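Residue-level listing of the chains:
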Amino acid sequence: MECIDAQIAVGDSFYCLFYEENGPGNHLSRIYHFSGRKDPRVRLVAEIREWVASIWANRAGRLFGAVWDGQILSIGETVEPIGSVDLLGTIKLAGFDDEPQFIMGEDGLIFENRRGAWQRVPFRGKQDVYSVARREADTYVFAASAGRLITYSGGTATVEHLPTNVDLHGIAFTTPARGVVVGDEGVAFHYNSGTWTDISADRPSLQDAHAFKGRLLASLEDEAVAEIAGDGTFSNLYDRPAYYFSSNDSFCVTFDDEAAHIYDGKQWTSVQFAGLVPL
């Protein structure tokens, strides 16, 4: 099995989603909860005979999942469907409060949870939508394919085309005036008070971006975790490959094929999967 997503829970505990396809239509997803960085303890949370594409947990550690075909699940002692949308090709489930707020995916589809009713967010375009960050209280910005950003504010979505045609995978803001968006082929843009500045360079593709304790982090494909300074320069923060990030107030987690990596703002700790979960 391969780890395809990780999500911080309470304190330094976290969830990891593992997936394998055993044949056409034969999907298996397993979700594990890890606690204790120095002497990690692991328990199997759920085994689901579906392609769970993404997981998300709220600040209390309540876990949710999104299936490739647009089902939204509550995952605990039992696995319960809590919603379903018309989306084949789920990419990401995201939230900013107690409940998941957005599910996004291929072909320009974003759905928003409005008090348990999932409604499509209309906008012009058919781009794949990869991630979302909250810039202000009611303003969200989505990173999408072909250099598109989708800003959703006050119930209205607008599309902006940055000067690139590569896919934008990760987006983050430390304040309403400062942020970053990153994507394939080392493409990156720094946001400063309403203006996006190109800070792309000859570096590997960037998998994700994340804001943690006032810092902007980015994951470089097969290489490292980097920090992006206020002037847009990159510096290596951890020499391990990484994919997606998530965090609470105290800890950040990311992962690669072999381990999860937990960061407290000063020190990284890696938890190896081998010997803890069947791979």
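Draft legend 1. Main features of the pairing of strand 17 (residues 168-175). Within strand 17, six of the eight residues are buried, which leaves it mostly tucked inside the rest of the structure. Bridge count for strand 17 against strand 18 (residues 178-183) is six bridges, and the pairing is antiparallel. By the bridge assignment for strand 18, Gly170 is matched with Val182. Here strand 17 hands over to strand 18 after two residues, the two strands then running antiparallel side by side.

Draft legend 2. Molecular detail of the packing of aromatic side chains. For the structure on display, the rule yields 19 aromatic pairs. Measuring from ring centre to ring centre gives 5.1 Å for Phe102 and Phe142, while their planes differ by 85°; the resulting arrangement is edge-to-face. A residue pair is termed long-range when its members are at least 10 positions apart, and Phe102 in strand 10 (residues 102-105) and Phe142 in strand 14 (residues 139-144) qualify at 40 residues. The exposure class of Phe102 is buried, given its relative accessible area of 0%. Ring plane angle 55° and centroid distance 4.8 Å describe the contact between Tyr191 and Trp196, whose orientation is recorded as tilted. Each of the two residues, Tyr191 as well as Trp196, counts as buried. Among the aromatic residues, those joined into a cluster by ring pairs are Phe14, Phe18, Tyr32, Phe34 and Phe273. Positioned above the aromatic ring of Tyr244, the side-chain terminus of Lys92 is 4.3 Å from the ring centre. One Lys or Arg, Arg203, reaches over the ring of Phe234 and ends 3.6 Å from the middle of that ring.

Draft legend 3. Main features of the sheet that holds strand 9 (residues 90-94). Spatial ordering of the open sheet is given by 9-10-11-12, a layout of four strands whose pairing is antiparallel. Looking along the sheet, the strands with just one partner apiece sit at the ends: strand 9 and strand 12 (117-120). Within this sheet the neighbouring strands show an average axis-to-axis angle of 20°, counted without direction. Of the strand pairs in this sheet, strand 10 and strand 11 (residues 109-114) are connected by four bridges, and their pairing is antiparallel. Bridge pairing links Ile103 to Phe111 in strand 11.

Draft legend 4. Molecular detail of the sheet that holds strand 6 (residues 63-67). Across the sheet, which stays open at both edges, the four strands sit in the order 5-6-7-8 with antiparallel pairing between neighbours. In this open sheet, the two strands that pair with only one neighbour each are strand 5 (52-57) and strand 8 (79-84). Pairs of neighbouring strands in the sheet enclose a mean axial angle of 25°, with direction left out of account. In terms of strand pairing, strand 5 meets strand 6 through five bridges, oriented antiparallel. Bridge pairing in strand 6 links Val52 to Val67.

Draft legend 5. A look at the pattern of salt bridges. One pass over the structure, following the stated rule, counts nine salt bridges. Note that Glu47 and Arg30 form a salt bridge whose closest N and O atoms lie 2.6 Å from each other. Of this pair, Glu47 sits in strand 4 (residues 41-48) while Arg30 sits in strand 3 (residues 26-35), and the two are 17 residues apart along the sequence. We classify Glu47 as partly exposed; its relative accessible area is 40%. Residues participating in the shared-partner salt-bridge network are Arg30, Glu47 and Arg49.

Draft legend 6. Region of interest: unusual backbone geometry. Positive phi is not limited to glycine here, since Glu185 has a value of about 60°. Turning to its location among the elements, Glu185 is positioned in the loop between strand 18 and strand 19 (188-192). With a phi angle near 50°, Lys213 is a residue other than glycine that sits in the positive phi range. With respect to the element layout, Lys213 can be found in the loop between strand 21 (206-212) and strand 22 (215-220). Looking at Lys213, the relative accessible area reads 48%, which means it is partly exposed.

Draft legend 7. The arrangement of the nonpolar core in detail. Formed by 18 residues in total, the largest nonpolar core has its most connected members in Phe14, Cys16, Phe18, Phe34 and Phe273. Once residues within four sequence positions are removed from consideration, Phe18 is found in contact with Met1, Glu2, Cys3, Leu28, Ser29, Arg30, Tyr32, Phe273, Val277 and Leu279.

Parameters at a glance
- Residues numbered from 1 in each chain as written.
- Predicted model: local features only at pLDDT ≥ 70, side-chain atom pairs only at ≥ 80, totals over all residues.
- Heavy atoms only, no water.
- Buried < 20%, exposed > 50% of the residue type's maximum accessible area, 1.4 Å probe, protein only.
- Helix = DSSP H or I, 4+ residues; strand = E, 2+ residues; numbered from the N terminus.
- Pairing = 2+ DSSP bridges.
- Phe/Tyr/Trp six-rings, centres within 6.5 Å; stacked < 30°, edge-to-face > 60°.
- Lys NZ or Arg CZ within 6 Å of the ring centre and 35° of its normal.
- Axes fitted to C-alpha atoms, helices over the stretch in contact; angles between N-to-C directions.
- Salt bridge = Lys/Arg side-chain N within 4 Å of Asp/Glu carboxyl O.
- Core = buried A, V, L, I, M, F, W, Y, C linked by side-chain atoms within 4.5 Å.
- Contact = heavy atoms within 4.5 Å.

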